[in-house]
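# Per-entry structural report
Given next are the chains, with one letter for each unit.
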Amino acid sequence: MRLRIAVAVLAGLLACGLPLWPIPYREVSLPGNPRPLTWLLLGAGAGLLAGYLLRNNWRTPWLSVAAGFVLAVLARIQIETSRDPTSHNLWPFEVIIVAGFGLMAGLLGVALARLLQRVSMTA
């Protein structure tokens, strides 16, 4: 079970981090850049995977994806503030914005996973 949760968190981390990490800090504008639709689609994919792996309830896969999103931003903040301590003066807002995207995308993906599970059980 713990391995499945770790995979779900990793999926959320990659869904958020892969579009975010290559962008230079001065060009990042949350929530505008990276594109919100990219985060929503990749996060929904992570939620779909998490919903498939963690079938016992809604909350665990949903929050696992959101945790991955938050960890991706926290990793970026940690690396960039080690280079320039003044670069992320408003980091709590970055975390809140990205957590909202993670929650929305994760819920969408988990809902889709649950829908596909119900359809496959009735067929």
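The structure displayed is predicted, hence computed values, not measured ones.

### Focus: the nonpolar core
- The biggest cluster of nonpolar side chains holds 23 residues, and the ones touching the most others in it are C16, W39, F69, V73 and V98.
- Among the elements of the structure, α1 (2-20), α2 (36-53), α3 (59-83) and α4 (91-122) are those that each provide at least two residues to this core.
- Among all residues touching W39, those that are not within four sequence positions of it are A15, C16, P19, L20, L30, P34, F69, V98, F101 and A105.

### Describing the packing of α3 against α4
- At their nearest, the axes of α3 and α4 sit 7 Å apart, and the two run at 150° to each other. Here α3 lies roughly antiparallel to α4, going by the angle between them. Note on packing geometry: the crossing formed by α3 with α4 is right-handed.
- Residue composition of the contact of α3 with α4, by class: 19 nonpolar, two polar and two charged.

### Concerning the side chain of S64
- Looking at the secondary structure, you find S64 in helix α3.
- Aside from chain neighbours lying at most four places away, what touches S64 is I5, A8, V9 and L54.

### Examining the pattern of salt bridges
- Taken as a whole and judged by the stated rule, the model has one salt bridge.
- When the shortest N-O distance is used, the salt bridge between R76 and E80 registers 2.8 Å. Here R76 pairs with E80, and both are found in helix α3, just four residues apart, close to one helical turn. As far as the burial class goes, R76 and E80 line up, both buried.

### Details of α3
- Over its 25 residues, α3 extends 36 Å from the first C-alpha to the last, a length consistent with the 36 Å expected when each residue adds 1.5 Å.
- Elements that come into contact with the buried residues of α3 comprise α1, α2 and α4.

### Section: the environment of G47
- Note on placement: G47 falls in helix α2.
- For G47, a relative accessible area of 0% puts it in the buried group.
- When residues no more than four places from it in sequence are discounted, the contact partners of G47 are V65, G106, G109 and V110.

Quick notes on the rules
- Residues numbered from 1 in each chain as written.
- Predicted model: local features only at pLDDT ≥ 70, side-chain atom pairs only at ≥ 80, totals over all residues.
- Heavy atoms only, no water.
- Core = buried A, V, L, I, M, F, W, Y, C linked by side-chain atoms within 4.5 Å.
- Buried < 20%, exposed > 50% of the residue type's maximum accessible area, 1.4 Å probe, protein only.
- Helix = DSSP H or I, 4+ residues; strand = E, 2+ residues; numbered from the N terminus.
- Contact = heavy atoms within 4.5 Å.
- Axes fitted to C-alpha atoms, helices over the stretch in contact; angles between N-to-C directions.
- Parallel < 35°, antiparallel > 145°, perpendicular 65-115°, else oblique.
- Left-handed = near helix turned anticlockwise from the far one by under 90°.
- Nonpolar A, V, L, I, M, F, W, Y, C, P; charged D, E, K, R; others polar.
- Salt bridge = Lys/Arg side-chain N within 4 Å of Asp/Glu carboxyl O.
- Expected span 1.5 Å × (residues − 1).

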